[in-house]
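Topology and contacts: notes
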Protein chains: 2
Amino acid sequence: MSNYQEKWLEDLLQLTEDTGKKTEKQIRILEAATEIFSQKGYEATSTSEIAQKAGVAEGTIFRHYKTKRDLLLSIAGPILVKLAAPFLLRDFVKLMELPYEKADDFFRALAKDRFKFARENTKIIKILIHEVPFQPELMGQIKRLSSDIVFNRIEKVVEHFQEAGQLVSAPPWRIMRTGASLVIGMILTHLFIAPDFPIDEDEEIDLAIDLLMNGIGNRSM
Amino acid sequence: MSNYQEKWLEDLLQLTEDTGKKTEKQIRILEAATEIFSQKGYEATSTSEIAQKAGVAEGTIFRHYKTKRDLLLSIAGPILVKLAAPFLLRDFVKLMELPYEKADDFFRALAKDRFKFARENTKIIKILIHEVPFQPELMGQIKRLSSDIVFNRIEKVVEHFQEAGQLVSAPPWRIMRTGASLVIGMILTHLFIAPDFPIDEDEEIDLAIDLLMNGIGNRSM
DNA sequence: ATTAAAAGTGAGTGCTCACTCATTTTATTG
DNA sequence: CAATAAAATGAGTGAGCACTCACTTTTAAT
């Protein structure tokens with residue numbers, strides 16, 4: 001039954017499940033590292049600082065993680081997979097086609113789900129944004145996940161809605177980039193640029209999706 | 001005649017003009033630093049590496065720049081002002097209202113101009129993206145420039161086009177964020193994510209602005 | 001041609017960094 | 001409660017870092 005073409009994908013997903021039992025101190029190390037990495041950046045953070053914040057001897061860090069970079073990757077790696085998780089489901093396309101008759105509803109559901117995820121993982125996402133361009137491992141994983149999986153699968157959904165006459169006829173990648181830009185722009189605004197600006201999150205998403213579907217031009221013209 | 005409320009702004013603009021004559025070696029230092037900072041990140045770059053690449057003794061760097069951070073700021077600071085330059089013109093609003101009768105044309109002209117600028121300054125923009133969150137000076141300058149100047153001025157333009165019935169009636173900041181997200185998303189895509197993907201830049205911008213104005217929904221419904 | 005200032009040099013300095021390892025503490029198991 | 005393994009420790013280490021400074025070379029002005 002299993003599709004061996006996507007074996008590596010299953011491996012990735014399994015990695016995410018907290019298989020290895022972690023010591024209490026190991027967890028404290030991960031928490032401290034996440035905190036400081038997100039505040040000062042990976043390169044500007046020293047292992048001694050992490051050890052101090054975690055209440056742990058410096059040697060303990062290196063008992064669990066061979067290098068400082070190892071520690072970074074064991075924080076940033078799993079979140080990448082979780083970030084793409086909704087698109088990794090074997091039957092993503094079927095799942096999405098059925099419940100959503102309207103394209104709006106599909107994009108809205110996706111935006112709400114990923115906004116929630118981003119809000120719950122703000123610190124790690126900041127680390128990710130900062131470090132991905134300089135860590136080839138992360139870059140490679142992102143490219144594989146996004147272009148091979150996420151892109152192809154959403155492309156099918158877009159084409160489906162185009163055939164149903166709900167979306168303008170343009171290259172799917174352009175429609176996807178438009179949607180992604182708007183949603184990511186909205187999420188980054190509220191998480192990093194203006195985190196204190198009070199909003200009704202659901203309403204915010206509804207309005208953003210409305211502008212995505214209908215544009216900013218006056219519709220009565 | 002001069003508006004003293006915007007004195008600091010004039011100071012900023014003057015700083016950008018290459019007032020101080022630079023030695024040949026000083027220029028080489030700036031070029032080398034820009035190159036390596038953008039490749040490896042500021043913290044991961046050593047001054048000795050910069051000196052080597054610039055073909056200069058390490059001490060020479062510190063004759064011109066008190067600290068390594070000073071060197072970074074003298075690269076990243078001026079670009080911030082240039083990035084916001086089109087909006088800094090005293091009579092930005094008047095200038096923009098007159099030649100552009102249609103909102104499309106205004107956004108299109110702005111997008112083209114800033115795309116061109118970004119393409120000519122790719123490396124420094126990468127440094128900027130990477131370092132702004134961790135350098136309070138840059139963060140402060142960005143906030144002052146964007147919220148006090150850029151935001152207020154584009155807000156007036158948006159309101160103008162709203163009154164002319166060309167833009168949907170929504171809070172101007174939401175319209176601005178939508179436009180900014182789309183244009184920035186397009187620029188980042190072509191400069192960093194898929195730089196080898198061949199495009200007709202003008203056509204690309206036209207199509208992006210079309211999606212911004214009219215949305216991705218089917219218009220014949 | 002003289003002289004003073006500015007630009008450039010590179011060996012040297014103290015410090016911090018990531019990482020190691022011999023040793024001690026804690027957990028596990030029959 | 002031994003016996004053994006696993007986890008944790010922290011002083012120690014060499015390498016590399018940003019930065020200094022006494023000195024030399026270049027430039028500019030008279």
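Being a predicted model, the structure only gives us computed values, none of them experimental.

Definitions and cut-offs
- Residues numbered from 1 in each chain as written.
- Chains lettered and ligands numbered in written order.
- Predicted model: local features only at pLDDT ≥ 70, side-chain atom pairs only at ≥ 80, totals over all residues.
- Heavy atoms only, no water.
- Near = heavy atom within 4 Å.
- Polar contact = N/O pair within 3.5 Å; in protein donor to acceptor, adjacent residues only side chain to side chain.
- Helix = DSSP H or I, 4+ residues; strand = E, 2+ residues; numbered from the N terminus.
- Nonpolar A, V, L, I, M, F, W, Y, C, P; charged D, E, K, R; others polar.
- Contact = heavy atoms within 4.5 Å.
- Buried area = accessible area lost by both parts, 1.4 Å probe.
- Salt bridge = Lys/Arg side-chain N within 4 Å of Asp/Glu carboxyl O.
- Buried < 20%, exposed > 50% of the residue type's maximum accessible area, 1.4 Å probe, protein only.
- Axes fitted to C-alpha atoms, helices over the stretch in contact; angles between N-to-C directions.
- Parallel < 35°, antiparallel > 145°, perpendicular 65-115°, else oblique.
- Left-handed = near helix turned anticlockwise from the far one by under 90°.
- Expected span 1.5 Å × (residues − 1).
- Phe/Tyr/Trp six-rings, centres within 6.5 Å; stacked < 30°, edge-to-face > 60°.
- Patch = residues over 30% accessible without salt bridge, like charges linked within 9 Å, V, L, I, M, F, W, Y side chains within 5 Å.
- Areas by Shrake-Rupley, 256 points an atom, 1.4 Å probe, with all protein chains shown as cover.
- Least-squares fit on C-alpha atoms with pLDDT ≥ 70 in both.
- pLDDT = per-residue confidence, 0-100.

This next bit is on the protein's contact with DNA strand D. Taken together, 16 residues sit near DNA strand D, with A:Lys25, A:Thr60, A:His64, B:Thr47 and B:Lys68 positioned nearest. Backbone sugar and phosphate groups make up 62% of those atoms of DNA strand D lying within 4 Å of the protein. Within the contact set of DNA strand D, a phosphate oxygen lies 2.8 Å away from a side-chain nitrogen or oxygen of A:Lys25. Between B:Thr45 and DNA strand D, the recorded distance is 3.2 Å, taken from a backbone N or O atom to a phosphate oxygen. If you list the elements that add at least two residues to the surface near DNA strand D, you get helix H4 (58–64) of chain A together with helix H4 (58–64) of chain B. Here the element with the most residues in the surface near DNA strand D is H4(A); it accounts for 4 residues. Of the residues contributing to the surface near DNA strand D, the split by class is 3 nonpolar, 8 polar and 5 charged.

Right, let's get into the interface of chain A and chain B. Listed per partner, the contact involves 40 residues of chain A and 40 residues of chain B. Roughly 3400 Å² of surface becomes buried between chain A and chain B when both sides are summed, with 65% attributable to carbon and sulfur atoms. Broken down residue by residue, the surface that chain A buries against chain B is led by A:Phe134, A:Arg177 and A:Ile216, which jointly contribute 22%. Our enumeration of links across chain A and chain B arrives at 4 salt bridges. Note that A:Arg174 and B:Glu204 form a salt bridge whose closest N and O atoms lie 2.5 Å from each other. The interface formed by chain A and chain B includes 19 residue pairs in polar contact (both at pLDDT 80 or more). When contributions to the side of chain A that touches chain B are tallied by element, the ones reaching two or more residues are helix H2 (24–40), helix H8 (122–131), helix H10 (172–193) and helix H11 (201–214) of chain A. For the side of chain A that touches chain B, the element with the most residues is H10(A), which contributes 11 residues. Grouping the amino acids of the side of chain A that touches chain B by side-chain chemistry returns 18 nonpolar, 15 polar and 7 charged.

Our next topic: H8(A). The set of residues buried in H8(A) consists of A:Ile124, A:Ile125, A:Ile127, A:Leu128, A:His130 and A:Glu131. Contact partners of the buried residues in H8(A): H2, helix H5 (68–88), helix H7 (103–120) and H10 of chain A together with helix H8 (122–131) of chain B.

Right, let's talk about the packing of H10(A) against helix H10 (residues 172–193) of chain B for a bit. Where H10(A) meets H10(B), the axes come as close as 8 Å, and the angle between the chain directions of the two elements is 115°. By the criterion of interaxial angle, the relationship of H10(A) to H10(B) is roughly perpendicular. Like other packed secondary-structure pairs, H10(A) and H10(B) cross with a definite hand, here right-handed. Every residue of H10(B) that contacts H10(A) at A:Arg177, A:Thr178, A:Ser181, A:Leu182, A:Gly185, A:Met186, A:Thr189 and A:His190 is listed here: B:Arg177, B:Thr178, B:Ser181, B:Leu182, B:Gly185, B:Met186, B:Thr189 and B:His190. Looking at side-chain class alone, the contact of H10(A) with H10(B) contains 4 nonpolar, 10 polar and 2 charged residues.

Taken together, the neighbourhood of DNA strand C is formed by 16 residues, with A:Thr47, A:Lys68, B:Lys25, B:Thr60 and B:His64 sitting nearest. Within 4 Å of the protein, the atoms of DNA strand C are drawn from sugar and phosphate moieties in a proportion of 60%. One of the side-chain nitrogen or oxygen atoms of B:His64 is found 2.8 Å away from a phosphate oxygen of DNA strand C. Those elements that provide at least two residues to the surface near DNA strand C are H4 of chain A together with H4 of chain B.

Okay, H10(A) next. In a regular helix each residue adds 1.5 Å, so 22 residues correspond to 32 Å; H10(A) covers 29 Å between its end C-alpha atoms and thus fits that length. Within H10(A), 16 of the 22 residues are buried, leaving the element largely enclosed by the surrounding structure.

Quick look at the packing of aromatic side chains now. Taken as a whole and assessed by the stated rule, the structure comprises 8 aromatic pairs over all chains. Ring geometry for A:Phe37 and A:Tyr42: centres 5.4 Å apart, planes at 65°, overall edge-to-face. Like A:Phe37, the residue A:Tyr42 is buried in the burial classification. Consider the rings of A:Phe197 and B:Trp173, whose centres lie 5.4 Å apart with planes at 70°: the pair is edge-to-face. Of the two residues, A:Phe197 sits in the loop between H10 and H11 while B:Trp173 sits in helix H10, which places them in two different chains. Look at A:Phe197 and you get partly exposed, because its relative accessible area is 41%.

Further remarks concern a nonpolar patch on the surface. All names here are of chain B. Side chains of Ile129, Ile184, Leu188 and Ile193 sit close together on the surface and give an oily, nonpolar patch of about 360 Å² of accessible area. Take the nonpolar patch: its biggest share by element is 3 residues, from H10. Taking relative accessible area as the criterion, isoleucine 129 reaches 47% and is therefore assigned partly exposed.

This paragraph deals with the pattern of salt bridges. Residues and elements named next belong to chain A. Per the counting criterion, the structure on display carries 26 salt bridges over all chains. Note that aspartate 206 is salt-bridged to lysine 112, the shortest N-O span being 3.8 Å. Here lysine 112 lies in helix H7 and aspartate 206 lies in helix H11, a separation of 94 residues in the sequence. Taken together, the shared-partner salt bridges connect Asp105, Arg108, Lys112, Asp202 and Asp206 into one network.

Here chain A sits on chain B after a turn of 180° about the axis and a move of 0.0 Å along it, with an RMSD of 0.1 Å. Within this description, the copies of the chain are treated as partners about a two-fold rotation axis. Among all residues of chain A, the minimum C-alpha distance to the rotation axis is found for A:Gly215, at 1.9 Å. Of all interface residues in chain A, 100% are interface residues in chain B too; the two copies therefore contact each other through one and the same surface.

Attention shifts here to the confidence of the model for chain A. When pLDDT is averaged across chain A, the result is 89; 86% of the residues are at 70 or more. Taken together, the stretch residues 1–5 of chain A has pLDDT below 50 and engages in 3 contacts with residues farther than four places along the chain or on a different chain.

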